[in-house]
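Observations on the three-dimensional arrangement
Here's the letter readout for the chains.
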Amino acid sequence: MDRTKNAIVEAFWQLLDEKPFNKITVKNIVELCGVNRNTFYYHFSDIPQLLEHTLKEYTDDVINSTFNPESAVDCVSHLISGLQKHQKAIIHIYNSVQKDIFFKGLSDMTAYTVKKYAETSSIIMSLPEDDRESIIYYYKCLIVGILLDWLDSGMKYDLLKTVLNIYNVLGGAEEAALLKLKEKSKNNL
């Protein structure tokens, strides 16, 4: 990526860590990264476009990171660590009028993460395609819902601890349900 464009994005992240999205101006960004307004507008038409670019890049980084989940808990853990990387900035984006851009990125990151998990699960991969896609969709919606609740709280509680507790309470119910679905699918053939 162009060094100047990268400097603008980094300045934007820094500002998002310090203050709400609606309080950030082009002037703040250019002063922090040491470029002029024309340079900013050469790369981005406005701050919402900068946000969209920044979140797309962030989503791509989380998606492209090395990750081999062995459980749904691993999926949540991976997403939590990605979101905590810029915790204050994420909260500021989530609480802004631009949250629809954030929702798309969160959904994309979660879908990718769950698909990676499905690829490593011999049980899920052995299911017929329709069932496999339904399970992936279920996990994506479940995890997005859990993450949104956590974001609503301002990321103030230990989400991973909560998810691990739920996983321990359910004690293998997930795998038992998948095995039952696999058996049902096999009997319908």
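Computed from a predicted model, the values in this text were never measured in an experiment. (Residues numbered from 1 in each chain as written. Predicted model: local features only at pLDDT ≥ 70, side-chain atom pairs only at ≥ 80, totals over all residues. Heavy atoms only, no water.)

1. Section: the packing of aromatic side chains
Using the criterion set out here, one finds eight aromatic pairs in the structure. Taking 5.2 Å as the distance between ring centres and 90° as the angle between the ring planes, the aromatic pair formed by Phe-40 and Tyr-41 counts as edge-to-face. Since its relative accessible area comes to 37%, Tyr-41 is described here as partly exposed. With a centroid separation of 5.8 Å and 75° between ring planes, the pair formed by Tyr-117 and Tyr-139 is classed as edge-to-face. Placement of Tyr-117 in helix α7 (residues 99-120) and of Tyr-139 in helix α9 (residues 129-152) is noted, with a sequence separation of 22 residues between them. A single burial state applies to Tyr-117 and to Tyr-139, both of which are buried. In textbook terms, an aromatic cluster arises when at least three aromatic residues are bridged by ring pairs, as seen for Phe-40, Tyr-41 and Phe-44. The ring centre of Tyr-94 lies 4.5 Å from the NZ or CZ of Lys-99, which sits over that ring. (Phe/Tyr/Trp six-rings, centres within 6.5 Å; stacked < 30°, edge-to-face > 60°. Buried < 20%, exposed > 50% of the residue type's maximum accessible area, 1.4 Å probe, protein only. Helix = DSSP H or I, 4+ residues; strand = E, 2+ residues; numbered from the N terminus. Lys NZ or Arg CZ within 6 Å of the ring centre and 35° of its normal.)

2. A look at a nonpolar patch on the surface
A contiguous nonpolar patch, built from Ile-166, Val-169 and Leu-170 and spanning about 310 Å² of accessible area, is present on the exposed surface. Relative to the assigned elements, Leu-170 resides in helix α10 (residues 159-170). Overall, the relative accessible area of 52% leaves Leu-170 in the exposed class. (Patch = residues over 30% accessible without salt bridge, like charges linked within 9 Å, V, L, I, M, F, W, Y side chains within 5 Å. Areas by Shrake-Rupley, 256 points an atom, 1.4 Å probe, with all protein chains shown as cover. Salt bridge = Lys/Arg side-chain N within 4 Å of Asp/Glu carboxyl O.)

By themselves, these figures tell us nothing about what the structure is for.
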